Every structure is written in structure tokens, then in C-alpha cells.
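A structural walkthrough
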Amino acid sequence: QVQLVESGGGLVQAGGSLRLSCTASGRTFSSYDMGWFRQAPGEEREFVAAIYKIGVIKNYADSVKGRFTISRDNAKNTVYLQMNNLKPEDTALYYCAAKRRGAYENATAYDYWGQGTQVTVSS
């Protein structure tokens, strides 16, 4: 069992930056691929970024490429999402998730989810 706790969300003006963190319980963090997803009101949950177990391979949604960076520190059981040049359309509840296998962009492949942290970008 893995428990995930996100933090770092908040209110920021367009063009600003935030860094989200997600800390996992347990001693097997490095055996999981980690992903960030987001869900805006009335919208489906969408993939944002993923990072594989040892952090070499990363994937991003086209909408965030060049602006967001995913990273992980396996010694701290933590995955990060650095978000720069934020836009109002980035406003959503951001979730981190963990999986052992399956497609990185597929939410159903993830076994564990955090409770989410709200990001609001004002214009």
C-alpha cells in the first residue's frame, strides 16, 4: 500500500510559477513510475507528466511541454512538478499517482492516487 500526499498548490497570476510536491509513504517508492494528472471543473482528468522509476525517462502532455518539469528524489520518496509560465487554462486540481506498469498517460494504469492540490491561475 502506498499513500501519496500532494502539496504546493495555490493562487498565482498568469506567467507565474509554482512547484508541486508529492510525498509517498513506504519503502518501495523507487519501484513505481509516478505521474501527475489534473482535473478542471466539468472536465475529465487529464495526463500532465510522468517520470519512470529511476527518473531517466519523462513524458509530458503537449499542453505543458517547455513549461512544466517533472523530477523525483527517490531518497526523499518525493516527486515534483515545477510549473513555469502558468496560464489560466492550467487551473485545476492536480493529482499525483503511482503505478508499476501500464501506459504512462492512462489514468486507469495507476494504482495509487493522492487527494489533490488546487492550482488556480488568474489572468
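These remarks concern the structure in this document. Small disclaimer: the values here were computed from a predicted structure and weren't measured.

**Looking at the side chain of Thr117**
On the secondary structure map, Thr117 appears in strand S11 (residues 117–122). Taking relative accessible area as the criterion, Thr117 reaches 10% and is therefore assigned buried. Here the side chain of Thr117 touches Gly9 through a polar contact of 3.1 Å, landing on its backbone nitrogen. Leave out the neighbours within four places in its chain, and Thr117 touches Glu6, Ser7, Gly8, Gly9, Leu20, Ala92, Leu93 and Tyr94.

**What about the state of the cysteines?**
On inspection of all chains with the given rule, the structure shows 1 disulfide. The side chain of Cys22 participates in a disulfide bridge whose partner is Cys96; the two sulfur atoms lie 1.9 Å from each other. One quick way to see it: the torsion about the S-S bond of Cys22 and Cys96 is about 40°, and its sign makes the bridge right-handed. Here the residue Cys22 occupies a position in strand S3 (residues 18–24), and Cys96 occupies one in strand S9 (residues 92–99), the gap between them amounting to 74 residues.

**Digging into the pattern of salt bridges**
Working definition: two side chains of opposite charge can pair if their charged atoms are close together. Summed over the entire model, instances satisfying the criterion amount to 6 salt bridges. Arg38 is the partner of Glu46 in a salt bridge, and the nearest nitrogen-oxygen pair spans 2.6 Å. Overall, Arg38 belongs to the buried group, its relative accessible area being 6%. Arg67 is paired through a salt bridge with Asp90; the nearest N and O atoms lie 2.7 Å apart. Of this pair, Arg67 sits in the loop between strand S6 (58–60) and strand S7 (68–73) while Asp90 sits in the loop between strand S8 (78–83) and S9, and the two are 23 residues apart along the sequence. The same class applies to Arg67 and to Asp90, which are both buried. Taken together, the shared-partner salt bridges in this structure form one network comprising Arg38, Glu46, Arg67 and Asp90.

**Notes on the packing of aromatic side chains**
One pass over the full model with this rule turns up 7 aromatic pairs. Note on Phe37 and Phe47: the rings are 5.7 Å apart at their centroids and 75° apart in plane angle, and the pair reads as edge-to-face. Of this pair, Phe37 sits in strand S4 (residues 33–39) while Phe47 is found in strand S5 (residues 46–51), placing the two residues 10 residues apart along the sequence. When the centroid spacing of 5.0 Å and the interplanar angle of 80° are considered together, the rings of Phe37 and Tyr110 count as edge-to-face. With a gap of 73 residues between them, Phe37 in strand S4 and Tyr110 in the loop between S9 and strand S10 (112–113) connect regions that are remote in the sequence. A relative accessible area of 1% places Phe37 in the buried class.

**Quick word on the nonpolar core**
The biggest cluster of nonpolar side chains holds 36 residues, and the ones touching the most others in it are Leu4, Met34, Trp36, Leu81, Met83 and Tyr94. Those elements that provide at least two residues to this core are S3, S4, S5, S7, S8, S9 and S11.

Calculation notes
- The numbers attached to residues start from 1 for each chain and follow its sequence in the written order.
- Totals for whole chains, interfaces and linings use every residue, but because this is a predicted model, local features are given only for residues with pLDDT of at least 70 and side-chain atom pairs only at 80 or more, for both listing and counting.
- Neither water nor hydrogens contribute to the side-chain values; these are computed over all heavy atoms in the structure.
- Numbering of helices and strands runs from the N terminus; a helix is a DSSP stretch of H or I covering at least four residues, while a strand is a stretch of E covering at least two.
- Buried means the residue's accessible area, taken with a 1.4 Å probe over protein chains only, is under 20% of the maximum for its type, while exposed means over 50%, and partly exposed covers the values in between.
- Residues adjacent in sequence count toward polar contacts only when both atoms are side-chain atoms; beyond that, a polar contact is any pair of N or O atoms within 3.5 Å, and within protein one must be able to donate a hydrogen and the other to accept it.
- The criterion used for residue contact is that any of the two residues' heavy atoms lie within 4.5 Å.
- The criterion for a disulfide is a pair of cysteine sulfur atoms lying within 2.5 Å.
- In the sections that follow, a salt bridge refers to a side-chain nitrogen of Lys or Arg positioned within 4 Å of a carboxyl oxygen of Asp or Glu.
- Between the rings of Phe, Tyr and Trp (Trp by its six-membered ring), a pair exists once the centres lie within 6.5 Å; its type follows the angle of the planes, with under 30 degrees stacked, over 60 edge-to-face, and the other angles tilted.
- Definition used in this section: a nonpolar core is a set of buried Ala, Val, Leu, Ile, Met, Phe, Trp, Tyr and Cys residues joined via side-chain atoms within 4.5 Å.

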